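Chain by chain, the residues:
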Amino acid sequence: MKTICLNTWGCRESESLFKFIKENNSADIYCFQEVLKSGIGKTSRDELKSGYEDIAKLLPNHKGYFSEYGEGGYYSEKSRDLDFKYGIACFVNSKLNQKFVQGVRLYDLETKWTDYSGRFAAGAAMAVEAGDYAVLNIHGLWQGGIKKDTEAKLVQSKQIISLAEIANGKKIICGDFNLLPETKSIQMLGDVYTDLIQKYKIVSTRSTLYPKELRYSDYAFVDSNISINRFLVPDVTISDHLPLVIDFD
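Soluble globular proteins tend to bury their nonpolar side chains together. Grouped together as the largest cluster of nonpolar side chains are 56 residues, with contacts concentrated most on Ile173, Phe177 and Phe231. Broken down by element, this core gets its largest block of residues, seven residues, from strand 6 (residues 120-130). Of all hydrophobic cores here, the second largest spans 21 residues; its members include Ile4, Ala27, Phe32 and Val245.

On to the side chain of Lys147. Residue placement: Lys147 occurs in the loop between strand 7 (133-143) and helix 3 (151-166). Among the polar contacts made by the side chain of Lys147, one reaches the side chain of Asn178 at a distance of 2.6 Å. Excluding anything up to four places from it in sequence, Lys147 contacts Lys153, Asn178, Leu179, Leu180, Thr183, Tyr210, Leu214 and Ser217.

What follows is about the packing of aromatic side chains. One pass over the structure, following the stated rule, counts 14 aromatic pairs. Between Tyr65 and Phe100, the ring centres sit 6.0 Å apart and the planes meet at 15°, which makes this aromatic pair stacked. Here Tyr65 is found in strand 3 (residues 62-68), whereas its partner Phe100 is found in strand 5 (residues 98-105), with 35 residues between them in sequence. Here Tyr65 falls in the buried class, since its relative accessible area comes to 9%. Owing to a relative accessible area of 35%, Phe100 belongs among the partly exposed residues under this scheme. When the centroid spacing of 5.7 Å and the interplanar angle of 90° are considered together, the rings of Phe177 and Tyr219 count as edge-to-face. You can see Phe177 sitting in the loop between strand 8 (170-176) and helix 4 (184-190) and its partner Tyr219 sitting in strand 10 (residues 218-222), a full 42 residues away along the chain. Comparing Phe177 with Tyr219, the two get one shared label, buried. Taken together, Tyr30, Phe32, Tyr52, Phe66 and Phe91 form an aromatic cluster joined through their ring pairs. Of note, Lys37 hangs over the ring of Tyr52, and the distance from its end group to the ring centre comes to 5.3 Å.

Calculation rules
Residues numbered from 1 in each chain as written. Predicted model: local features only at pLDDT ≥ 70, side-chain atom pairs only at ≥ 80, totals over all residues. Heavy atoms only, no water. Core = buried A, V, L, I, M, F, W, Y, C linked by side-chain atoms within 4.5 Å. Buried < 20%, exposed > 50% of the residue type's maximum accessible area, 1.4 Å probe, protein only. Helix = DSSP H or I, 4+ residues; strand = E, 2+ residues; numbered from the N terminus. Polar contact = N/O pair within 3.5 Å; in protein donor to acceptor, adjacent residues only side chain to side chain. Contact = heavy atoms within 4.5 Å. Phe/Tyr/Trp six-rings, centres within 6.5 Å; stacked < 30°, edge-to-face > 60°. Lys NZ or Arg CZ within 6 Å of the ring centre and 35° of its normal.

If you want it as structure tokens, here you go:
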């Protein structure tokens, strides 16, 4: 079995991204973040409004699942009148028995936090059962670029663990968490699951398109009873993130 996880950056680098997907179209499960759906053309930020549909065409042997960020997301100021949907997506090989479990928002717009009063973005998770596995696709909260622990991010980790518990199968949890490795929020997940970024001593999950010094954002966690054949983070320029490739039994 193979899973590929990537924050697509809105498919800004569509030519190289789609080439990568074509060349790696034999994976069983894909988990994508920052995917736009059901629109035409590009946004003012050069994001592809039909990214979901375009990726689906490249994966005709897979069934797609999409979960919106909901009110908020990166387009909170215009989210009531967008001409596209914005969220996270999974594509699962059609040969696998599969089931969409749930899509959840990882924050509450009405909650007042004592350590943060700024704007939230992203903060979504979805769980899909695929064969003997349950895959969780995560896009963690963006809080003004903060990559350290906050009250909301600690709650987020609890929500992710709870979502994993209601899904049947051996767990794979992957995505863009918007967190640094030493945070308690990441350690909470590492206390329950094997942290592949830590185990394989990955030094960066950001591509050359990301100019900042903080090189961590993406993670993959698995059940201890999942056998990992290979875990790779290819240095390819297809997004401002690097893909996570998990080959497992």
